[in-house]
Amino acid sequence: ITQGIGELIQKHRPGLVIAQGDTTTVVSAAFAARKTGCAFGHVEAGLRAFSRELPEEEHRICADAIADLLFAPTRIAQDNLVREHVNGEIYLTGNTVLDALLANPPPQADKRDGILVTVHRQETVDDKVKFGEVISALEILAQQQRVCWPMHPRAQSKLQEFGYAVPAGVQIEAPLSHDEFLARLNAAELVVSDSGGVQEEAAILGTPCVAVRGCTERPETLAAGVGLLAGIEKQGILDACATVMQQWASYARPAPHLYGDGKAGEIIADVCQKFLAGEAPAS
């Protein structure tokens, strides 16, 4: 990936390379920009779960260390970058996830119903024991209410590799488009997920989220009381789901304010334009 992006940079000679998130592609883009003498901007800079067991954590730290422009989505992310003494300029922007949801809001459901599941992360599905714990929890949840699981290809592959069967009562679907997924998320009573982005989208839409994680780089949802961190053990997942369902009204509160005012894209674009024009935008 680094070689391929590097060749593109050398061919097109951009003044700035921008990448968003914490995938392998992001840190590869950061290295490629650095090695070819191009400036690099990181959108969603400063997210930290404080666990080096997560490959995404290493990607985030490396990309932020290299970046010339760091676009922090929240105050917590901004504080993380200040504490790490990064070399680039830090800008508090809000989160582009909120921009996208405001621009393309999902339809309103007549009634919220059922549990939506997304599980795909390496630390969840690549570990046979941990994945088994999640499946066991879903089996019990499906005895109580409708459980819908649009299955990620990685989870599907590991399910077959480990010889696990889909629990009775769990409705398996092919992956959904983003619009379709947001509609489902907005209609669910609860989402059980190991995704970082889903934690944000759920908080914005007012869908309580049980994070099947041992740690999260989105602590804002926990602090606001619209989500719970369950761990990756069967009983922890069941306990968290029971807590949310028993106090559903207190968790089912839209909290878009956690992620800015919906103008993150405008702020980022303005900073980039001024940077490319040789101006020094105020951080």
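## Some thoughts on the overall build of the protein chain
When helices and strands are tallied, the protein chain shows 14 helices and 10 strands. Each principal axis of the C-alpha distribution contributes one length, and for the protein chain these read about 60 × 40 × 30 Å. Counting the 283 residues in the protein chain, one finds 52% classified as buried. A separation of at least 24 residues holds for 61% of the contacts in the protein chain among residues at least 6 apart in sequence. Within the structure as shown, the protein chain displays about 13,000 Å² of accessible surface, and the carbon and sulfur contribution to it stands at 51%. In the protein chain, 24 side chains carry a positive charge and 36 a negative one; their mean positions are 2 Å apart.

## Thoughts on the side chain of Ser28
In this fold, Ser28 is placed in helix α2 (residues 24-35). Here Thr2 takes part through its side chain, which lies 3.4 Å from a polar atom of the side chain of Ser28. In contact with Ser28, other than residues within four places in its own chain, are Ile1, Thr2 and Ile5.

## Description of unusual backbone geometry
Located in the positive-phi region is Arg13, a residue other than glycine, with phi close to 50°. Residue class for Arg13 comes out exposed when judged on its relative accessible area of 57%. In this structure, Phe50 takes a positive phi of about 60° despite not being glycine. Within the element layout of this structure, Phe50 appears in the loop between β2 (39-43) and α3 (55-66).

## What to know about the pairing of strand β5 (residues 115-118)
Side chains Ile115 and Val117 project from β5 onto one buried face, and the interleaved Leu116 and Thr118 project onto a second face that is buried too. In terms of strand pairing, β5 meets strand β8 (residues 190-193) through 4 bridges, oriented parallel. Paired with Thr118 across the strands is Ser193, a residue of β8.

## Observations regarding helix α8 (residues 153-162)
Buried within α8 we find Ala155, Lys158, Leu159 and Phe162. One face of α8 carries all of its buried residues, which in axial projection span an arc of 105°. Relative to its buried face, α8 has exposed residues pointing more than 90 degrees away, namely Pro153, Gln160 and Glu161. Its buried side turned inward, α8 meets α6 (122-125), α7 (128-141) and β6 (147-150).

## Regarding the sheet that holds strand β10 (residues 227-229)
An order of β7-β6-β5-β8-β9-β10 is seen for the 6 strands of this open sheet, with the pairing classed as parallel. Sheet topology places β7 (170-173) and β10 at the edges, where each strand pairs with a single neighbour. Here the average twist between neighbouring strands, direction ignored, is 20°. As paired elements, β8 and strand β9 (residues 209-211) share 3 bridges and run parallel to each other. If you follow Val192 over to β9, its bridge partner there is Val210. Lying on the sheet, α7 is in contact with β5, β6 and β7; it crosses β6 at an angle near 145°.

Criteria and thresholds
- Residues numbered from 1 in each chain as written.
- Predicted model: local features only at pLDDT ≥ 70, side-chain atom pairs only at ≥ 80, totals over all residues.
- Heavy atoms only, no water.
- Helix = DSSP H or I, 4+ residues; strand = E, 2+ residues; numbered from the N terminus.
- Buried < 20%, exposed > 50% of the residue type's maximum accessible area, 1.4 Å probe, protein only.
- Contact = heavy atoms within 4.5 Å.
- Areas by Shrake-Rupley, 256 points an atom, 1.4 Å probe, with all protein chains shown as cover.
- Lys, Arg positive; Asp, Glu negative; His and termini not counted.
- Charge placed at Lys NZ, Arg CZ, Asp CG, Glu CD.
- Polar contact = N/O pair within 3.5 Å; in protein donor to acceptor, adjacent residues only side chain to side chain.
- Pairing = 2+ DSSP bridges.
- Arc of directions from axis to C-beta.
- Axes fitted to C-alpha atoms, helices over the stretch in contact; angles between N-to-C directions.

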